[in-house]
Protein chains: 2
Amino acid sequence: MATIRDVSKIAGVSVATVSRTLSKPDKVSAKTRKIVNAAILETNYKPDILARNFRTRKSSTIVVLVPDIANPFFSRVIRGIEQTAQSLDYAVLLGDTQGDRGRESTYANMVNTSQADGIIQLDSHNPFENNSNVPIVNVCDCIRGTDMPTIELDNAAAARKMTDYLISQGHKNIAIITGTLDSTITQDRLSGYKEALKNASIKFNPNNINVGDYSFLSGMSATRMLMKYQAPPTAIFCMNDEMAIGAIKQAKLMGLKIPDDISIAGFDNISFAEYCDPPLTTISQPAEEFGSKAMSMLYRVINQDGAIKKNTFLDFELIIRNSTGRNSHD
Amino acid sequence: MATIRDVSKIAGVSVATVSRTLSKPDKVSAKTRKIVNAAILETNYKPDILARNFRTRKSSTIVVLVPDIANPFFSRVIRGIEQTAQSLDYAVLLGDTQGDRGRESTYANMVNTSQADGIIQLDSHNPFENNSNVPIVNVCDCIRGTDMPTIELDNAAAARKMTDYLISQGHKNIAIITGTLDSTITQDRLSGYKEALKNASIKFNPNNINVGDYSFLSGMSATRMLMKYQAPPTAIFCMNDEMAIGAIKQAKLMGLKIPDDISIAGFDNISFAEYCDPPLTTISQPAEEFGSKAMSMLYRVINQDGAIKKNTFLDFELIIRNSTGRNSHD
DNA sequence: AATTAAAATGTAATTGATTACATTTTTAAG
DNA sequence: CTTAAAAATGTAATCAATTACATTTTAATT
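Residues numbered from 1 in each chain as written. Chains lettered and ligands numbered in written order. Predicted model: local features only at pLDDT ≥ 70, side-chain atom pairs only at ≥ 80, totals over all residues. Heavy atoms only, no water.

Visitor: Would you mind going over the sheet that holds strand E8 (residues 235–238) of chain A with me for this structure?
Guide: To summarise the sheet geometry, strands pair through backbone hydrogen bonds and adopt either a parallel or an antiparallel arrangement. Residues and elements named next belong to chain A. Strand order in the open sheet made by the four strands is E7-E6-E8-E9, with parallel pairing throughout. Of all the strands in the sheet, the pair left with one neighbour each is strand E7 (209–211) and strand E9 (263–265). Taken pair by pair, the neighbouring strands of this sheet meet at an average axis angle of 15°, ignoring direction. Sheet topology places strand E6 (residues 174–178) next to E7; three bridges connect them, and they run parallel. Bridging from a neighbouring strand, Thr 178 pairs with Val 211 of E7. Packed onto the sheet, helix H10 (residues 241–253) meets E6, E8 and E9 and runs at close to 160° relative to E9. (Pairing = 2+ DSSP bridges. Helix = DSSP H or I, 4+ residues; strand = E, 2+ residues; numbered from the N terminus. Axes fitted to C-alpha atoms, helices over the stretch in contact; angles between N-to-C directions. Contact = heavy atoms within 4.5 Å.)

Visitor: Sorry, what's going on with the nonpolar core here?
Guide: The tendency in soluble globular proteins is for nonpolar side chains to be buried side by side. Counting residues in each nonpolar core, the largest one holds 146 residues, and the members touching the most others are Ile 62 and Ile 264 of chain A together with Ile 62 and Ile 264 of chain B. Among residues more than four places away in sequence, those in contact with Ile 62 of chain B are Ile 81, Tyr 90, Ala 91, Val 92, Leu 93, Ala 116, Gly 118, Ile 120, Met 295, Leu 298 and Ile 302 of chain B. Judged by nonpolar contacts, the second largest core, of 30 residues, contains Ala 91, Ala 108, Val 111 and Ile 119 of chain B. (Core = buried A, V, L, I, M, F, W, Y, C linked by side-chain atoms within 4.5 Å. Buried < 20%, exposed > 50% of the residue type's maximum accessible area, 1.4 Å probe, protein only.)

Visitor: Explain the sheet that holds strand E7 (residues 209–211) of chain B to me, please; I cannot follow it from the model alone.
Guide: Residues and elements named next belong to chain B. In spatial order, the strands read E7-E6-E8-E9; together these four strands make up an open sheet with parallel pairing. The open sheet has two edge strands with one neighbour each: E7 and strand E9 (263–265). In this sheet, neighbouring strand axes are inclined to one another by 15° on average, regardless of whether the strands run parallel or antiparallel. By the bridge criterion, four bridges tie strand E6 (residues 174–178) to strand E8 (residues 235–238) in an arrangement that is parallel. When the sheet's bridge partners are listed, Ile 176 is paired in E8 with Phe 237. Each of E6 and E7 touches helix H8 (residues 184–199); the most contacted strand, E6, lies at about 170° to it. Packed onto the sheet, helix H10 (residues 241–253) meets E6, E8 and E9 and runs at close to 160° relative to E9.

Visitor: How should the pairing of strand E11 (residues 311–314) of chain B be read in this particular structure?
Guide: Consecutive residues of a regular strand have side chains that alternate between opposite faces of the sheet. All names here are of chain B. Here E11 shows a buried face lined by Thr 312 and Leu 314 and an unburied face lined by Asn 311 and Phe 313. As paired strands, strand E5 (residues 150–153) and E11 are joined by four bridges and run parallel to one another. Note on E11: the bridge partner recorded for Ile 151 is Thr 312.

Visitor: Sorry, what's going on with the interface of chain A and chain B here?
Guide: Where the parts come together, the accessible area they lose is often given as the size of the interface. With 53 residues of chain A at the contact, the number on the chain B side is 54 residues. Both sides together, the interface formed by chain A and chain B hides about 4,400 Å², and carbon and sulfur atoms give 64% of it. Considering only the side of chain A, the residues that lose the most area to chain B are Leu 50, Phe 272 and Tyr 275 of chain A, jointly responsible for 18% of the buried surface there. At the boundary of chain A and chain B, one finds six salt bridges. Across the pair Lys 252 of chain A and Asp 277 of chain B runs a salt bridge whose closest N-O atoms are separated by 2.4 Å. Our count for the contact surface shared by chain A and chain B stands at 24 residue pairs in polar contact (both at pLDDT 80 or more). Those elements that place two or more of their residues in the side of chain A that touches chain B are helix H4 (49–56), helix H5 (72–87), strand E2 (91–96), helix H6 (101–108), helix H9 (216–226) and H10 of chain A. (Buried area = accessible area lost by both parts, 1.4 Å probe. Salt bridge = Lys/Arg side-chain N within 4 Å of Asp/Glu carboxyl O. Polar contact = N/O pair within 3.5 Å; in protein donor to acceptor, adjacent residues only side chain to side chain.)

Written out as structure tokens, the structure is:
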């Protein structure tokens, strides 16, 4: 593999000139530039990025910490990250943590060893105990009370909107299947749900809260439990679409008609939401935009370029499909 | 940030000894090791991986070229890659190509600039025109006639098995919705399908082949077309689950009962396959194993460690669910 | 105690690009 | 044609680790 020295020898110029031809061509005369470029072509020279990164102390690489890459919502966020990273000439290192804090901190430490310039965290957890000054952006599930910039949804408002809608359809006995309780998303959505009930003067029933873990199976089992109550809910709001799809399956297994016997709503609007039967009422989140906004923000943090907005909120949309309908009970 | 020199000064030993304490501790006396480790702790020294990579000419990073990270099958494969990479101390750079050859080759060239040590390609395309000697492994959708090691399914056998099964259910008029025609997977599955028909002495009807692109929508539109024939198929075999789910939706829209009026089968066994209505008959592929086998293989190629098996075939399984059933026509 | 082998440690070169600073060349102005 | 300023180019240090090779120390054997 040819080095910058080989090129400089062939071109008859110094290595500095070759380097400049590549990085700041306007500092090099047109004539020299031509000669150097010819030499680069001749030697098939490709700058050694490892050497460059070493010298410049930048890796042009960022790490994405994601609880599970196979989650369809996260994979869309990552697609957004990746696309923006490409346009900014950053490479994306995948850090699938599977919720393991050890793995998370291993990946996070890549920044300390200059393997990466920054971190995008998709989980509501700070990978650094003591607030370090590592460039980091928190997306989707964001922690409260840290100084990380966040890109998030107004989850309380979204949950309120969904609950309001269900109430508007005549539902009073509305259950909710939550995500894991330690996540900010869960807490916010839960408080939005409660708020909506309160505004409608519906008494909040603690039995109507069922804790899930974002999986199909937890959606199923929660639904099984809920529907065994003497007064089962007439609507179930799930904090993601997978649980809602699980809930639909369980409801059908129990011989219930959707939405006639029970309305079921999700959250995320993953691509399958449109294709399940009945199609799922849900909250649409701009997954790719989350990713691309997070990447742009991280870029600004890393390069101290432009204003850093502490908390960015993206828009959601209530998507009404056929898994929900008017309360036909009472 | 402390360097190895700071540590050596504090410990009162040479940098070589510090380096050895970290990389080959058995070459260092217990006494010295203790002193050095204390100094490392004291200085909070973290080896500069950039410098190490530069010196050793290895990045301990591999690139995954994937047509679309948001595809649920691919994201599982990547999860497998990532997990094995972690255990082998490799980092995974994400190369979402969106089918763009330009992007693909940009990523592939990261190996030439020593940003990565090898490549895992999930698409049936060689990112290097002239067979270079870059470490690369081809997974899932593998090209014929190159010297890349492959990890693949016997796609022809799998399609044959599915078709055999449909035939065993009394179906004779079996349509197939393919993936993009330039992919090896499509070609192999198509030939398996034809073979099965031939073995059963069923005349192959070219109209029963409909080209899709692995998307829900193409599954829908192909189904719409197929079902307009005077003698519409009694079974549709889709080359992935998304298209099958699209086909199910379309069939329902047309008022058809599944599987009574039409049997629909998919391929991949993505997690949603179990949760659609009716649950999807499909071929299960070991997605994570694809990933982990590919990573192990790439490791061996990079480190010239152990035998390189040219083509590795993983097992598939026919999963019979309720989207297919006996032919109730004729 | 002398000799030898083995183990431990140290010295200094090396990796390939970048860049501060020095030097040369070109351009413009008088 | 000078001269000064600006532009272009060159020289050589630098980044932080690894490691070949040299040297010193320790252990083992006689």
